[in-house]
Amino acid sequence: MRDDEKKGGAPDKGTPNIAVRIGAFLTPVFIAMAVLAAMAGCAIVVLIGASVTMRYFAFAPFRFTEEIVGLLMTAAFFLALPLVTLRADHVRVLVLVSALPERARIWAHRLSALFGAAFCLWFLALCLPWLEFAIDRNIKTEVGRLLLYPWMALLPLSMALSVVAFLLGASSQFQRNKTG
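Residues numbered from 1 in each chain as written. Predicted model: local features only at pLDDT ≥ 70, side-chain atom pairs only at ≥ 80, totals over all residues. Heavy atoms only, no water.

Visitor: Tell me about the overall build of the protein, and please be specific about residues and values.
Guide: Tallying secondary structure elements over the protein gives eight helices and zero strands in all. Sequence-ordered secondary structure for the protein, helices as α and strands as β, is α-α-α-α-α-α-α-α. Partitioning the contacts of the protein with sequence separation of at least 6, the portion at a separation of at least 24 is 69%. Looking at the protein as shown, the accessible area adds up to about 11900 Å², and 70% of this sits on carbon and sulfur atoms. (Helix = DSSP H or I, 4+ residues; strand = E, 2+ residues; numbered from the N terminus. Contact = heavy atoms within 4.5 Å. Areas by Shrake-Rupley, 256 points an atom, 1.4 Å probe, with all protein chains shown as cover.)

Visitor: Lay out the confidence of the model for the protein in plain terms, naming residues and giving numbers.
Guide: For any part of a model where pLDDT is low, the fine detail of the predicted coordinates should not be relied upon. Of all residues in the protein, 86% have pLDDT values of 70 or greater, and the mean over the chain is 87. Confidence drops under pLDDT 50 across residues 1-10; counting only partners more than four residues distant or on other chains, this segment forms eight contacts. (pLDDT = per-residue confidence, 0-100.)

Visitor: Just give me the short version of the pattern of salt bridges, but keep the residues and values in it.
Guide: Scanning the model with the defined rule gives one salt bridge in all. When the shortest N-O distance is used, the salt bridge between Arg-105 and Glu-102 registers 3.3 Å. Of this pair, Arg-105 and Glu-102 are both found in helix H5 (residues 102-137), three residues apart, which corresponds to roughly one turn of the helix. A residue is classified by how much of its surface remains accessible, and Arg-105, at 31% relative accessible area, is partly exposed. (Salt bridge = Lys/Arg side-chain N within 4 Å of Asp/Glu carboxyl O. Buried < 20%, exposed > 50% of the residue type's maximum accessible area, 1.4 Å probe, protein only.)

Visitor: Before we move on, could you go through the UniProt feature "transmembrane region" (unreviewed entry) in the protein and cite the residues and values that matter?
Guide: Taking the UniProt record as the reference, the feature "transmembrane region" (unreviewed entry) is found at residues 20-48, 68-86, 107-131 and 151-170. Across residues 68-86, the secondary structure splits into 100% helix and 0% strand, with the terminal C-alpha atoms separated by 28 Å. (UniProt positions renumbered as here; feature names shortened; annotations may be inferred.)

Visitor: Account for the packing of aromatic side chains, with residues named and values stated.
Guide: If you walk through the whole model with that rule in mind, you get six aromatic pairs. Here the aromatic rings of Phe-119 and Phe-123 are separated by 6.0 Å at their centres, their planes lie at 40°, and the arrangement is tilted. Here the residue Phe-119 and the residue Phe-123 both occupy positions in helix H5, the gap between them amounting to four residues, near one helical turn. Residue classification places Phe-119 among the partly exposed residues on the basis of a relative accessible area of 43%. Arg-110 extends its terminal NZ or CZ atom over the ring of Trp-107, reaching a point 4.8 Å from the ring centre. (Phe/Tyr/Trp six-rings, centres within 6.5 Å; stacked < 30°, edge-to-face > 60°. Lys NZ or Arg CZ within 6 Å of the ring centre and 35° of its normal.)

So this is what it looks like as structure tokens:
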């Protein structure tokens, strides 16, 4: 018990709880990852544009375009996922939830956040053996001969951060602080 609670006073409302502190620390990290995702999207457009230009003017498209575009697309998705999860900007169907009373809506939101976190943990557990396999075997792409494990490392990183984002979303204190 804190001193102000021992004296019968209310807890100090000026000190943010752990969820708010974690959210404040991770939000810039998530934003930086989303910026990298946007840069990956721009790189996809540039690569495809350059490849098409090479095809029609030099009659020789880049051989590696499809591989790199696939890697960049996957990277863009998994880099953006933690911020989208934190802000709850996923595509959601709320027909049933919107019909619930406010208290039930809060619990439905928390339950969905726990299911989301459980899925991310499961996906994380599935990613790690594949990442370890790619590192051990030094696996590379077929045409570009790019190492795959740096790209594959984004998946477990994204899933771990998305678990944190889901749990922060389930925290009522974090939600209240985020909305005002």
